[in-house]
Amino acid sequence: MNTSPLHRALILTAWIAGAFCLLVCGVMVYGHFEAATNDPWKSPQLLALREKLAAEPKNQPLQKEIRQLDLEFRRNFRHRLAMDKTGAWLLLGGTLALVLAAGKAAALKKTLPLPQPKPDAGEQSIKLASRARWSLAGVGLVVAGSLLIIRLGNTSVLPANQAVWQKLLGRSGAQEAPVGDAPVLSEFQANWPRFRGWDGSGAAAWDSKTMPGILWRSAIPAPGHSSPIVWGDRVFISGGTADRREVFCYNAANGALLWQRAIENVPGSPLKMSEAPEDAGCAAPTMATDGRRVYAIFANGDLGALNFDGSVVWTKYLGPIKNPYGYAASLAVWGNHLLIQLDQGETRAEGSKLISLQGASGRVLWERSRPVPASWATPIVIEAAGQTQIITLADPWVIAYTLADGNELWRAQLLENEVVPSPVFAGGFVLVLSPGSKLMALRPDGTGDVTKTGVAWATEENVPDIASPVGNGELVFTVTSGGMATCFGANDGKKIWETNLDTEVQASPGLLGGRLFILGEYGALVTLQAGRELHEMGRTQLPDKFDASPAFANGHVFLRGVTNLYCLGPAVVKLAKQP
Amino acid sequence: MLRRLKFIGALGVMLLLALMVCAGQRFPPPDFESGYRLPSASTPAARQLWLQYADAGVLLAALGIAVWLIYRKRSRRGLFWLSLFSLAYFGFYRKGCVCPIGSPQNIVYGLCNPDYTVPVTVLIFCFAPIVVALFAGRAFCAGVCPQGALQDFVLIKPVAVPLWLEQALSVVPYLFLGAGLIYAGTGTGFVICRYDPFVPFFRLSGGLFILTAGAAFLLAGMVVGRPYCRFLCPYGGLLRLASLVSKWRVRVTPDSCTQCRLCEQSCPFGAMREPAPSGTHPKWLGAERKRLGWLLALLPALVAAGVWAGSKLSPAAAQLHPAVALAERYTRQQSHPIQYGLMTPEALSLERAAEDPKAVLTAAADLRHRFDLACGLFGGWIGLVIGFKLVALSVRPSRTDFEPDRGACLACARCFTACPNERVRLGLMPAAGDPALS
């Protein structure tokens, strides 16, 4: 046994290095497990505070406490990272010393070999080969067993053969939605599936012979400026605050609230919405439906699709949306396309885009960037010049896109200011408003920049800044915020008549056959004859404040007031019982 | 005592690796209310081209020096310093990439993916050591491979692995090579690189599994010479094949073999082979011939069985591909929806999948088809390797002297100075008949 001082010193060094490594390891392991048990993701303290904040969103001291706790977590995290780095280098040094000392000590103790002859080498060689073959077979079995375990431990839900694959691919929503799934055009026309009706024109397919009376009214549980949409016996509206955003479904026959569903836990959406501007609130965009599902978008960018029974089909986060007054452009549907005009930015384009989603799945069919800042107008879809076109408005461009792939068809630089009124298609013209300055009729058959060639006529008289126009092919009607109703010729834009309604107006007018239906902000409901002669057919006062535009469906008129949802019908009947 | 010290050292290494894992833990992003968007992750710029060529130049120079040190200088000390340089340069400076071990994956990926062009430098890294091995054996393993150098560094007291076990385990690198190539060919990823146990050391970061595996290899490497090189390295498998037919081979003795067996004791890698016994007893000869015939007949059966079994592995193997895994999760989500409240990676990936399920499922279908083919080939490859090795183990070698196994020898030059004739040549001891001995 070598017991030289050098050997003893090397052994001692190796022991010290080993003990040092263990000590450093112990400290680091303790830090590791402590960090693992205090995961900031799951901190009960932080979660409790967040829940409390959800209940008291304006609690400033609570917000400060959360921020302080968050900062503390981050400091601890950084500190631990620095500790780990230092510890790693210390361990590296300790391990180096350990290996060098132990290696040198082993070399000092090395005994010189004294090989012996092998008289039975031949037999040993045969045995060795035999044993090697058996052990190789053993390796093969171990490999086979391991692969079998891997196979059995990883079950797949994907198809095993091509036929089932094809079936799955066909079901994945790859192609256009099955024809049987989409309602026919007459169903769309009979209902009110989006802002201002199936085509966004504000005109209903039926006529109202008499001034309607209130059939029922029903309380609205959450604030919002969105207009009602109607499909069959269901009326839908959205509402909400910075804390909770919901969809409400009413029975169109009696106003009973059938269900309300919150759009929540949207992947990617912040837990708390930043304060929505007071003007638009959280629920200014009007919902849309394709007759199979209803869709709602809110100012924070949460978008959801619900079945008619209120179950969530899918949700998607499109935010945050940079809009100085709050996002308000409504959704549009056409076939299986759900269209979202997501214009953003105060003075210049900041991520503005037009998005087409497949309604059934929520997957993006296409997406196009737009060179415009925030706008509040809702797009419409028209059939013109052999194309299905999407017409969009924003400062300064009117831009038309193809529905199929989102390619741009034409554009015209005609708009200025904050574009709120939506376009309509009437009499072969696309009617657009440059708020407060110009009403223009465009021919939708151009390509490229049609600023100089596409305008059929324009007028600067009594141009609204909020309400959208409405037309019947022969005449165009507008109403300003101050209540000035004006009739223009659809072919030349010449003013035919004008009248002051003595009421302020936020809602866009509607057309019920021969009646122009105008809803004043403070409840004045005025009907004018939709003709060349000015004639007020009726006027009544409703007990509410109205910002949303009316919906006309199945012989009824649905109005969203600030406090109640109203249904007007041809005969005055007893109010429905409040649900 | 030494054993205990080794245990402590190994424990330290393992814990070091485990703790490195913490450094990679992610911290949740804040909930910004100001509309601030987190910047998206960006990929670092590629290494400048001239530097890539410089790396290839360093590799070629190191290979040349290694060959010179093995065959001309016969210097273990020189190879040790070259190893240290390689460990520093290819390991810690270049962080183990690009390295010849993973480069066959680039080649296969390039062959299977027309959109990918294999860089010239990768071709050099892949083929230069193989070409050198065709002439001079495993010079790359001897002094240029950083993984090998790291294992050499921690080798304290080697013990011999039984030869029968060594022979059986020598097929494992080929199986790993096969798995690595099918995953590269299908575009799943470079699993040979991902599961290289030493690269996390060079980069000072890595996943828990691979760091633990690295620690285990280093622990074993204290008493078993270069366990990764011998029993797992897929590139070592290629070099082993090339070395079998190399023009020159490492010779222990500069003169005639004295049959002293000292070289056998000096090799920590179990590569030294003793002379084959002269003649065969008649009672064994018939049985050996019969066995060889059966094994030759078994070879195609093993390949066919491997192809069949491999094709059954396809659904599981394909799940390592991100697109297939996403399709699996998407399909599961459709049948058993899970509501994700937080912005977790799982929720975000499903969000992306929902945007285009057809693309996700179509890609998965295509990949599953490719995996069917690849796994069949892999299974056949396993059968071929095992069958071929069984045949090789049934063929008698013809050696008259102690000499290194041409495939297994890492050309580390340790055996040179163990040979009495070499020591005489170097003047380290007097020759037989020298008056100094009398």
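All values reported here derive from a predicted model rather than from experimental measurement. (Residues numbered from 1 in each chain as written. Chains lettered and ligands numbered in written order. Predicted model: local features only at pLDDT ≥ 70, side-chain atom pairs only at ≥ 80, totals over all residues.)

Thoughts on the overall build of chain A
- Each helix and strand in chain A was counted, giving six helices and 34 strands.
- Counting over 579 residues, chain A shows a buried share of 44%. (Helix = DSSP H or I, 4+ residues; strand = E, 2+ residues; numbered from the N terminus. Buried ≥ 20, exposed ≤ 12 C-beta atoms within 10 Å, placed from the backbone.)

Focus: the sheet that holds strand E8 (residues 293–297) of chain A
All names here are of chain A.
- As summarised here, the arrangement of the four strands in space is E7-E8-E9-E10, forming an open sheet in which the pairing is antiparallel. A strand with exactly one partner marks an edge of an open sheet, and here the two such strands are strand E7 (288–289) and strand E10 (312–317).
- Here E7 pairs with E8 via two bridges, running antiparallel. Along E8, the bridge assignment pairs Ala-288 with Tyr-295. (Pairing = 2+ DSSP bridges.)

What about the pairing of strand E27 (residues 495–500) of chain A?
- Pairing analysis gives five bridges linking strand E26 (residues 484–489) of chain A to E27(A), with the strands arranged antiparallel. Across the sheet, residue Met484(A) finds its bridge partner in E27(A), namely Asn500(A).

Description of the environment of Gln319(B)
- Residue placement: Gln319(B) occurs in the loop between helix H16 (282–318) and helix H17 (322–335).
- With residues up to four places along the chain from it excluded, the contact list for Gln319(B) reads Asn154(A), Ser156(A), Val324(B), Ala325(B) and Glu328(B). (Contact = placed C-beta atoms within 7 Å.)

Thoughts on helix H2 (residues 44–55) of chain A
- For H2(A), which comprises twelve residues, the first-to-last C-alpha distance of 17 Å matches the rise-based estimate of 16 Å (1.5 Å per residue) to within 8%.
- Burial analysis of H2(A) places just zero of its twelve residues in the buried class, which makes it a mostly uncovered element. (Expected span 1.5 Å × (residues − 1).)

Observations regarding the packing of H17(B) against helix H19 (residues 357–392) of chain B
All names here are of chain B.
- It is the contact of H17 with H19, at a shortest axis distance of 8 Å, that shows an interaxial angle of 125°. Classified by the angle their axes make, H17 and H19 are oblique. Along this stretch, H17 crosses H19, giving a crossing that reads as left-handed. Taking contact as the criterion, the partners of Ala-323, Val-324, Leu-326, Ala-327 and Tyr-330 in H17 are, on H19, Pro-357, Val-360, Leu-361, Ala-363, Ala-364, Leu-367 and Arg-368. (Axes fitted to C-alpha atoms, helices over the stretch in contact; angles between N-to-C directions. Parallel < 35°, antiparallel > 145°, perpendicular 65-115°, else oblique. Left-handed = near helix turned anticlockwise from the far one by under 90°.)

Overview of the pairing of strand E31 (residues 536–541) of chain A
Residue and element names in this part refer to chain A.
- Across five bridges, the pairing between strand E30 (residues 524–529) and E31 is antiparallel. Paired with Thr-527 across the strands is Gly-538, a residue of E31.
- The hairpin turn running from E30 into E31, its antiparallel successor, is six residues long.

Some remarks on helix H2 (residues 49–73) of chain B
Residues and elements named next belong to chain B.
- With 25 residues, H2 extends 34 Å from end C-alpha to end C-alpha; this agrees with the ideal 36 Å at 1.5 Å per step.
- Burial in H2 covers these residues: Asp-55, Leu-59, Ala-62, Leu-63, Ala-66, Val-67, Leu-69 and Ile-70.
- Buried residues belonging to H2 abut helix H3 (76–93), helix H5 (120–136) and helix H6 (139–143).
- One or two residues past the end of H2 sits Arg-74, with phi positive at roughly 50°.

Looking at the packing of H2(B) against H5(B)
Residue and element names in this part refer to chain B.
- Where H2 contacts H5, the axes come no closer than 10 Å and their chain directions differ by 10°. With respect to each other, H2 and H5 are oriented roughly parallel. Between H2 and H5, the contacting residues are Gln-52, Tyr-53, Asp-55, Ala-56, Leu-59, Leu-60, Leu-63, Val-67, Ile-70 and Tyr-71 on the first element and Thr-121, Ile-124, Phe-125, Ala-128, Pro-129, Val-132 and Ala-136 on the second.
- The residue makeup of the contact of H2 with H5, split by class, is 14 nonpolar, two polar and one charged. (Nonpolar A, V, L, I, M, F, W, Y, C, P; charged D, E, K, R; others polar.)

Points about the nonpolar core
- Of all hydrophobic cores here, the largest spans 132 residues; its most connected members are Leu63(B), Ala66(B), Ile70(B), Ala139(B) and Ala411(B).
- A per-element tally of this core places H19(B) first, with 13 residues.
- In this structure, Ile70(B) is in contact with Ala136(B), Ala139(B), Ala142(B), Val250(B), Ala411(B) and Ala413(B), ignoring residues within four places of it in sequence.
- Among the nonpolar cores identified, the runner-up in size contains 123 residues, and Val266(A), Leu357(A), Cys487(A) and Leu559(A) belong to it. (Core = buried A, V, L, I, M, F, W, Y, C linked by C-beta atoms within 7 Å.)

Brief notes about the sheet that holds strand E21 (residues 438–442) of chain A
Residue and element names in this part refer to chain A.
- The strand order across the open sheet formed by four strands is E19-E20-E21-E23, and the pairing between neighbours is antiparallel. In the strand order of this sheet, the two ends are held by strand E19 (424–426) and strand E23 (455–459), each with one partner. Pairwise comparison of adjacent strand axes, ignoring direction, gives a mean angle of 25° for this sheet.

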